[in-house]
Amino acid sequence: MSPGDLLRLEDVSREFGGLKALSQVTLAVGRGEIIGLIGPNGAGKTTLVNVVTGVHRASAGRVMFEGEDITRLKPYQAARRGIGRTFQVVQPFPDLTVIENVAASALFAGSAPALAAAREQAMEHLAFVGLKPLAERHASALTLAMRKRLELAKGLAMNPKLLLLDEVNAGLNNAEIDQALALIRAVAARGVTILIIEHLMKVVLSVCTRIAVLHHGELISVGAPNEVVADPRVVQAYLGKRYAATAAAHG
Amino acid sequence: MLWLQVLTNGLMLGGLYACIAAGFSLVWGVLNVINILHGSMIVLGAYIAFFAYTLWGIHPFASIVIVGVLFFGIGYLIQASMINRMIAAPVLLTLTLTFGLDLMLNNAMLVAFTADFRQLVLDPPLGVMTLGPVVVPVDRLVAMALALALTGFLYLVLSRSRVGRAIVAVRMDRWAAALMGVDVRRIYAITFGLGTLMAGASGPLLAMIFPISPLTAPAYLGKAFVVCVLGGLGSVPAVIVGGIVLGIVESFAALWFGPEHAITVSFALLILFLIFRPTGLLGKKGFE
Amino acid sequence: MKRQALIGVVLFAVLAAMPLLGDAYTLRLGTTVLMYGVLAMSWNFIGGMAGYPSFATAAFFGLGAYVGAVTQKFGVPMPFAWALGGAFALAFAGLLGMALLRLRGHYFAIASLVVAEVLREIVNSATDLTGGGMGLNLPVPRLATVEAQAVFFFYAMLAVTAITFAALLATTWSKLGFGLRCIQQNEAAADMIGVNTTLYKTSAFMLSAVFVGVAGGVYASWVHYIEPPDVFDVLHSVKPIVMALLGGVGSVFGPLIGAGAYLFLEEVVWRHLLEAHTAVLGLLIVLLVLFLPRGLLSLATRAKGLAR
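Residues numbered from 1 in each chain as written. Chains lettered and ligands numbered in written order. Predicted model: local features only at pLDDT ≥ 70, side-chain atom pairs only at ≥ 80, totals over all residues.

**Overview of the sheet that holds strand β10 (residues 218-223) of chain A**
All names here are of chain A.
Okay, step 1: Ordered by their spatial adjacency, 6 strands build an open sheet running β6-β7-β8-β3-β9-β10, and the pairing between neighbours is mixed. Every other strand in the sheet has two partners, leaving β6 (83-85) and β10 as the edge strands with one partner each. On average, adjacent strands in this sheet sit at an angle of 20° to one another, irrespective of strand direction. (Pairing = 2+ DSSP bridges. Helix = DSSP H or I, 4+ residues; strand = E, 2+ residues; numbered from the N terminus. Axes fitted to C-alpha atoms, helices over the stretch in contact; angles between N-to-C directions.)

**With respect to the environment of Met158(A)**
Okay, step 1: Turning to its location among the elements, Met158(A) is positioned in the loop between α5 (144-157) and β7 (162-166).
Okay, step 2: Each residue touching Met158(A), except ones within four places of it in the same chain, is listed here: Ala79(A), Gly84(A), Ser105(A), Ala109(A), Gly110(A), Ile193(C) and Gly194(C). (Contact = placed C-beta atoms within 7 Å.)

**Description of the interface of chain A and chain C**
Okay, step 1: Contacts between the two partners involve 19 residues from chain A, matched on the other side by 15 residues from chain C.
Okay, step 2: Only α2 (75-81) and α3 (98-108) of chain A provide two or more residues apiece to the side of chain A that touches chain C.
Okay, step 3: Per-class residue counts for the side of chain A that touches chain C are 12 nonpolar, 3 polar and 4 charged. (Nonpolar A, V, L, I, M, F, W, Y, C, P; charged D, E, K, R; others polar.)

**Points about helix α9 (residues 184-209) of chain B**
Residues and elements named next belong to chain B.
Okay, step 1: Here α9 spans 38 Å end to end across 26 residues, near enough to the 38 Å set by a 1.5 Å rise per residue.
Okay, step 2: Gly 203 marks the point of greatest bend in α9, at about 25°, and the proline Pro 204 comes within the next four residues.
Okay, step 3: Summarising burial for α9: 22 of the 26 residues are buried, a large majority. (Expected span 1.5 Å × (residues − 1). Bend = angle between axes of the 7 residues up to and from the residue. Buried ≥ 20, exposed ≤ 12 C-beta atoms within 10 Å, placed from the backbone.)

**A short note on the sheet that holds strand β5 (residues 68-69) of chain A**
All names here are of chain A.
Okay, step 1: On the basis of which strands lie adjacent, the open sheet formed by 4 strands has the order β2-β1-β4-β5 and antiparallel pairing. Whereas interior strands pair on both sides, the edge strands pair on one side only; in this sheet they are β2 (19-29) and β5.
Okay, step 2: Relative to strand β4 (residues 60-65), strand β1 (residues 7-16) is paired through 5 bridges, and the arrangement is antiparallel. In the sheet register, Glu 10 faces β4, and the bridge partner there is Arg 62.
Okay, step 3: Sheet strands in contact with helix α1 (residues 45-53) are β1, β2 and β4, and its direction is about 65° off that of β2.

The following block contains the structure:
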């Protein structure tokens, strides 16, 4: 951990009833990183993103963003501080057009001073993700892959310093995933720090600078991709004890 | 021992209230539809019982069954004919729809029966019983017993019959239920039918105790609301708890603040619950 | 927006000329249409734009009426009394919003409906101040003739309607309006992209109250005598919703068109079918919801689409 960290989770826990969704998670994300967050289903990945963005409040611990304690902020406040987010199950505004969807982000969280400026910015973001031809379509008329890109454009329009991507690739085929990866790299190149929740190892290994692994709400491993993947605790979490033992035996 | 008498009154009233609200709660919980018609249906059931008794000597107890069957059919038809609307429409539209239907029914009753209050007087009257320090009018006691029986019947239907389990499944997850082969539209229609059955069947019970007029319909609707919010949506026990709580609150409020303020007290309670505990005392998702 | 503003100016100019052409009866009807226009347009803020089905309109109307009436009894001149009616409604909506706007759907609808009932009871009981169930008489304005009074109140209501229209127009095209549309379509997403949903919803709710409060005050002065069941009538909550539905929920002109169309129909029905007139209203509502949920304006857009 260093003072220059963009995001810091300090001993963060979150409970729902008796269930500990997050258990004393301590994690630092430096500027410019692309950090992958992986773990089996139910490990608490989305909960972590929810805690950072203010949807849920941490039961214990602190969340620090750019040196400021944001643990108690509401979602709209976190958005305005520069934390952007996409949803696993896409959440567009169904009766607005594609460009209006993106303009909304630019207007309320981003830097657009008024609606007209927001629309211009939205056009740029749409061009960036390749949705410009569909700008005037209703959001509800898009295919899944297009909707994922719309989610990304909305997230970008928020002018985020930190972008939290929650399974942007779920439901996409291989070609679409490759396109998405290119976009993610392009976003990072613009100076946006990215935290990406992913199931697909191909994505994680090719794009991430570091990986963090959650299991039952606990952070069990953090580090460079090839190290984490070989970590026996990680293998055990995903594949069970017997496989881990077998893998270890074979070297 | 005044408080004991008031408590007993409250309990008996509570049983009735639970019955009134049971059908309303079912429709709200499963279809997510607030059936504004509910109050007027109760009154219509009461009128049928009144005329059946005064014109043909049919005892209200028998009317319960007759009205029940009749109203199930009516409810089924209403839902089946307007089913497209209900399934995905926003709250505002379904609320307005049932409001419009209620205006039609209420006005029709006003024209047909006038606003004059009718009273079904049993001949011979059932009299009163004295249980220790408490005076219990027999008609109320019987009404409460029947009300609870009716509510119990609903509970059995929901928990034991195939149709009942299908209804519960639909409420929990409409899409999953459809995937399991449940005909969701038919279940919606049956549910609404059950709701109106309960409303109509409560009518004869109420007719034995309270005066009947189309003007009382909004009050019954209001009671159903309050019971649902107090007790919570999602199960018959919740309705019973809600009904009893309301009955007791109203009886004591009438004692302490005067009968004309009893309603206001229950509404104030409603608002408090809506603000602090909208799911009610026993509320849960789904309907069981 | 400019186009709509222009149409609005023309519309109100035409309306302003009405007293020259109409008789006392038409004037009375016109004043009623304008009043319901205010109610329907006001509902549009919270119900049409934000998507929260509010039944609180009657509460705001009654509150405005009684505040206006009571202050007039204490000698406050009419325009100030009316403004106070609006101010009280505004403040009340702000407070009420804190409690109610956390609720969704049916729960919000019921709670807002019950508020009017509770207010009615309170006003009924505060006999010393409000006259309770016996009603409240207002001082009659010292205007030359009955006709002059009719014209005066027509213009008063016209002013309120024009202001409400202007507010609706401005809001629709503003950041607030855009935010409300987002809230209506997906409140969680709106929150996530930086919309302060609590502030926006409360603003919409307060907007839905202030002009209604003023209209209530004007109404009280106009009819000289009010009582709780009259001004807190649930139909004052329901009719504006029906009118907005009839004209087109969420649009700028819809509620006003709906108010005109509805009251025109009501007049026709009333003349021929007095006894059954609530039933006919009910039938209208049912048909509206089943066959024309997007209102009359949607017919116009469909016609435009076909004409291309």
